[in-house]
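Fold and geometry: a report
Here's the letter readout for the chains.
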Amino acid sequence: MKSKILLSFMLLAFMGCVDDVLDRKPLNLVSDADVWQSTQLVDLYLVALYDNIPTGMVRGGATFEFHYTDEASHPYAGSIFVSDYGIQALALNTTMYSWIRKANYFLEMIPTSALTAEEIATRTAECRFIRAYYYFDLVKKYGGMPIITEVQSFDSDIEALKVSRNTEKEVYDYILAELDAAAAGLPEGWDATNSNRATKWSALALKSRSMLYAASIAKYGAVQLNGLIGIPADQPQQYYQHSLSASKAIIDGKKYSLYAKSYDPETGSGDPAANYESIFTDENNVEVIFQKAYSDPNKTHLYDTYVLPHSFKPACCGSVGSVTLEMVESYENIDGTPGKLDYENKVFETPDALFEKKDPRFKATVSRSESPFIGRNIQIYRGIVGPNGTVYDAPGADFPLDPSRKQVGLDGPAPLGDVGKTGFYLRKYINTKGGIVPDGRSAQNYVDFRYAEILLNLAEANFEANLDKAAALNAINQIRSRAGIAKLTTAQLTLEKVRNERKIELAFEDKRFWDMRRWRIGTSLFRNTQMHGLWPYLQYKDGNYKYTFRKQSGAPIDNGYTRLFQERDYYSDLSAYIRSNANIRNNPGW
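The rules behind the values
Residues numbered from 1 in each chain as written. Predicted model: local features only at pLDDT ≥ 70, side-chain atom pairs only at ≥ 80, totals over all residues. Heavy atoms only, no water. Phe/Tyr/Trp six-rings, centres within 6.5 Å; stacked < 30°, edge-to-face > 60°. Helix = DSSP H or I, 4+ residues; strand = E, 2+ residues; numbered from the N terminus. Buried < 20%, exposed > 50% of the residue type's maximum accessible area, 1.4 Å probe, protein only. Lys NZ or Arg CZ within 6 Å of the ring centre and 35° of its normal. Expected span 1.5 Å × (residues − 1). Contact = heavy atoms within 4.5 Å. Polar contact = N/O pair within 3.5 Å; in protein donor to acceptor, adjacent residues only side chain to side chain. 1 Å grid on protein atoms, 1.4 Å probe; cavity = no way out; pocket = protein on both sides within 12 Å on 5 of 7 lines; lining within 4 Å. Points joined across faces, edges and corners; volume = space filled by probe spheres on them. Pairing = 2+ DSSP bridges. Disulfide = S-S within 2.5 Å.

Inspection of every chain in the model, using the stated rule, returns 38 aromatic pairs. With a centroid separation of 5.6 Å and 85° between ring planes, the pair formed by Tyr142 and Tyr577 is classed as edge-to-face. In this pair, Tyr142 is assigned in helix H6 (residues 117-142) and Tyr577 in helix H20 (residues 575-578), connecting sequence segments 435 residues apart. Ring geometry for Phe355 and Phe549: centres 6.1 Å apart, planes at 90°, overall edge-to-face. Pair noted here: Phe355 is in helix H13 (residues 352-355) and Phe549 is in strand E15 (residues 544-553), with a separation of 194 residues, a long-range link. With a relative accessible area of 6%, Phe355 lands in the buried category. Here Phe549 falls in the buried class, since its relative accessible area comes to 7%. By way of ring pairs, the aromatic residues Tyr68, Phe81, Tyr85, Phe513, Trp514, Phe526, Phe565 and Tyr570 are connected into one cluster. Sitting above the plane of the Tyr537 ring, Arg550 keeps its charged end 4.0 Å from the centroid.

In structure tokens, the structure reads:
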């Protein structure tokens with residue numbers, strides 16, 4: 001254990017964070033005892049723990065959580081996810097207990113350190129927040145898991161280390177207690193150089209989210225395996241209340257608010273789409289409660305490399321955010337009417353005419369044909385229909401009646417290759433005001449908790465628990481006003497509206513898959529179901545081009561496969577744990 005800790009410190013030290021400490025002693029002689037004598041080395045230990053909170057940009061290579069949902073389809077033929085969601089990489093976590101052990105070791109050693117009592121108390125609270133987050137990741141994936149709060153030591157009895165699973169309720173209750181303790185011990189804020197550390201508000205935000213998940217499991221799930229999965233059906237109310245109390249504390253604290261730098265919901269002045277887009281590119285803004293920070297060149301990621309549209313990609317990859325038609329039509333119109341697109345048997349002068357009434361968040365989140373992008377518009381069309389009805393759709397070939405134009409748009413869609421397949425691309429998180437980011441040099445921060453989610457959590461808890469529906473309506477309408485769309489009336493507030501508002505506001509932020517699980521809607525969404533795209537075609541006549549649109553299902557979207565979410569997919573496969581611990585019982589169906 002000691003050698004692993006020291007190796008971690010040596011690697012981190014080269015980042016230049018503790019030069020003054022390490023200059024006093026050769027790097028290879030920094031011992032475990034030295035660590036607990038230095039505030040900076042203790043904080044480096046915490047850095048590693050923070051970094052291994054299982055959130056952040058590009059955790060699955062070219063695969064993102066949205067590929068497991070109705071938000072998007074993967075365009076790469078070898079990366080299609082249409083079933084067995086409980087064994088997919090981003091639904092698993094087989095290394096968490098090594099980090100729980102490191103957190104337990106930190107909590108064991110920090111009281112012996114040379115830090116002041118105040119520093120010890122604060123860092124203890126930080127570590128308890130991090131450890132609670134580790135357990136939340138496990139419970140949302142697997143249900144009940146072993147709760148281990150002390151460093152396990154091997155003393156010749158390996159069987160003693162093989163701990164059985166706790167119940168799902170026990171894990172959520174443990175998370176609740178840890179977050180309450182963390183919130184009590186954490187500061188309300190840090191100075192600018194420490195702004196990405198956990199605060200009281202971070203702990204409350206995780207409480208707001210995790211207790212909402214627990215409430216949903218109690219309300220919509222079923223207790224199985226003697227409670228290893230599921231929470232008794234008579235207990236959702238208490239978890240909704242816990243979530244609600246945390247959300248209210250954040251709201252009443254008035255430290256955070258909805259970002260409104262480019263749009264004023266009260267006067268309607270400004271650009272709501274540009275405002276929403278800037279939430280994710282204007283760093284450290286008033287809406288961000290907790291984030292995983294990146295910087296170029298020290299700590300970068302590959303978001304732009306994977307997500308940029310086909311003709312904009314800097315090197316390999318690109319196009320992985322092929323947004324589905326189902327997701328596009330989930331966006332309402334500005335006046336609050338349903339967002340189903342009216343395109344059949346219609347010809348449009350420009351694509352703008354089809355999408356102009358959409359919720360501005362659509363424009364900020366999704367790119368469609370002729371969307372302004374980096375230096376030029378995105379070019380999406382599947383083919384060109386000539387004056388006699390002939391369809392020209394050979395990728396890369398010139399259109400014979402106008403050789404200045406290709407038969408297929410530079411950004412597809414096309415049946416083969418890594419180009420997008422649905423007619424739409426993901427836009428969120430990309431800074432379109434800058435140039436194309438070089439391969440592997442993305443540095444956008446990953447916004448984990450933001451104020452809008454807290455409002456949505458409050459609305460859902462109030463509505464589901466049949467508590468303060470006026471407060472639920474107010475929270476939803478704050479978000480809709482900031483988005484630039486019509487507010488809901490009391491009569492219009494339904495569970496479907498609450499859930500759809502969450503789907504839209506938090507789209508592509510790694511929330512949808514877990515919402516599908518906790519609401520138990522996966523089996524109704526994916527029942528041998530095909531996802532759809534909407535392919536633009538150009539109509540050419542007399543030297544002019546107009547647009548038509550065709551709904552596309554089957555190949556090449558999802559390679560032509562249908563999607564199937566089974567009951568077993570509500571919990572992930574534990575086979576990897578069972579291989580090293582026979583006392584772990586697998587979840588049903590695996």
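From this point, things continue past the structure.
If you check helix H16 (residues 469-483), its first and last C-alpha atoms are 21 Å apart, about what 15 residues at 1.5 Å a residue would give, namely 21 Å. Among all positions of H16, only Ala472, Leu473, Ala475, Ile476, Asn477, Ile479, Arg480, Ser481, Arg482 and Ala483 are buried. On its buried side, H16 packs onto strand E2 (263-264), helix H10 (272-278), helix H14 (360-365), strand E12 (446-450), helix H15 (451-464) and helix H17 (495-505). Its side-chain oxygen placed 3.3 Å from the backbone nitrogen of Ala470, Asp468 serves as the N-cap of H16.

Turning to the layout of surface pockets, a few remarks are in order. The space that makes up the second largest pocket amounts to roughly 520 Å³. Taken together, 21 residues make up the lining of the second largest pocket; nearest its centre are Tyr97, Ile148, Gln152, Tyr577 and Ser580. If you list the elements that add at least two residues to the lining of the second largest pocket, you get helix H5 (96-109) and H20. The greatest single-element share of the lining of the second largest pocket, amounting to five residues, is contributed by H5.

Turning to the sheet that holds strand E14 (residues 532-541), a few remarks are in order. Taken in spatial order, the four strands line up as E8-E7-E14-E15 in an open sheet, and their pairing is mixed. Here the strands that pair on one side only, and so sit at the sheet edges, are strand E8 (391-392) and E15. Of the strand pairs in this sheet, E14 and E15 are connected by 10 bridges, and their pairing is antiparallel. Within the sheet, the bridge partner assigned to Tyr537 lies in E15 and is Thr548.

This part is about unusual backbone geometry. In this model, Asp296 is joined to Pro297 through a cis peptide bond whose omega is 15°. By the element assignment, Pro297 lies in the loop between strand E4 (288-292) and helix H11 (303-307). Residue Pro556 follows Ala555 across a cis peptide bond; omega there is 5°. Considering the arrangement of structural elements, one finds Pro556 in the loop between E15 and strand E16 (563-564). Despite not being glycine, Ser319 shows a phi value in the positive range, around 75°.

This paragraph deals with the state of the cysteines. Inspection of the entire model under this criterion finds one disulfide. Cys316 shares a disulfide with Cys317; S-S distance 2.3 Å. Taking the sign of the S-S torsion, about -70° here, the bridge from Cys316 to Cys317 comes out left-handed. The exposure class assigned to Cys316 is partly exposed, which follows from its relative accessible area of 39%. Among the residues examined, Cys317 registers a relative accessible area of 15% and is labelled buried.

Attention now moves to the environment of Asn581. Turning to its location among the elements, Asn581 is positioned in the segment after H20. Taking the C-alpha atoms as reference points, Asn581 and Glu159, separated by 422 residues in sequence, lie 8.5 Å from one another. In contact with Asn581, other than residues within four places in its own chain, are Lys162 and Val163.

Let us look at the environment of Leu46. As for its placement among the helices and strands, Leu46 is situated in helix H4 (residues 39-51). Placed 77 residues apart in sequence, Leu46 and Arg123 show a C-alpha to C-alpha distance of 8.2 Å. Setting aside chain neighbours within four positions, we find Leu46 in contact with Phe106, Arg123, Glu126, Cys127, Ile130 and Arg197.

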